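As a plain string of letters, each chain reads:
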Amino acid sequence: FARQAIKGLWLTGFDINGDGAQIGLHGAVTDPKLLPGYIQRLGREEVMRGKTFESMQMKQPVIDGKAVNSYLEFGLLSGTAERAAQ
């Protein structure tokens, strides 16, 4: 994941379940337009071959009851290519 660093996008956590069949990424981005390119670049990595992201969530963070406008938080959950084709 570190090889695909993009200025304005950072990871805050990730989860790998089982034998790596499902991967969850959590992070933040200053411009939501950066996320599709990041996902495409991840798809070129060996660990992500045969996987697709089947769900994505984005939300504006709230700190001390106030919306933070400088970035959005995101979450991605992968599946397998076979599952996505169903």
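Residues numbered from 1 in each chain as written. Predicted model: local features only at pLDDT ≥ 70, side-chain atom pairs only at ≥ 80, totals over all residues. Heavy atoms only, no water.

**A few points about the environment of R41**
Turning to step 1, where the next piece is worked out: Along the polypeptide, R41 turns up in helix α1 (residues 34-42).
Turning to step 2, where the next piece is worked out: Owing to a relative accessible area of 27%, R41 belongs among the partly exposed residues under this scheme.
Turning to step 3, where the next piece is worked out: Residues R41 and Q4 lie 37 residues apart in sequence; the distance between their C-alpha atoms is 6.5 Å. (Helix = DSSP H or I, 4+ residues; strand = E, 2+ residues; numbered from the N terminus. Buried < 20%, exposed > 50% of the residue type's maximum accessible area, 1.4 Å probe, protein only.)

**Structural notes on α1**
Turning to step 1, where the next piece is worked out: Within the sequence span of α1, burial applies to L35, Y38 and L42. For α1, the angular spread of buried residues about the axis comes to 60°, placing them on one side. (Arc of directions from axis to C-beta.)

**Side note on the confidence of the model for the protein chain**
Turning to step 1, where the next piece is worked out: Overall, the predicted model of the protein chain reaches an average pLDDT of 87, with 92% of residues at or above 70.
Turning to step 2, where the next piece is worked out: No element of the protein chain has a lower mean pLDDT than helix α2 (residues 81-85), which averages 44, and none a higher one than strand β5 (residues 66-67), which averages 96.
Turning to step 3, where the next piece is worked out: Taken as a whole, residues 81-86 scores under 50 in pLDDT and shows six contacts with residues more than four places along the chain or in a different chain. (pLDDT = per-residue confidence, 0-100. Contact = heavy atoms within 4.5 Å.)

**Here we look at unusual backbone geometry**
Turning to step 1, where the next piece is worked out: The backbone of D64 shows a phi angle near 55°, a positive value even though the residue is not glycine.
Turning to step 2, where the next piece is worked out: Mapping D64 onto the fold places it in the loop between β4 (62-63) and β5.
Turning to step 3, where the next piece is worked out: We classify D64 as exposed; its relative accessible area is 76%.

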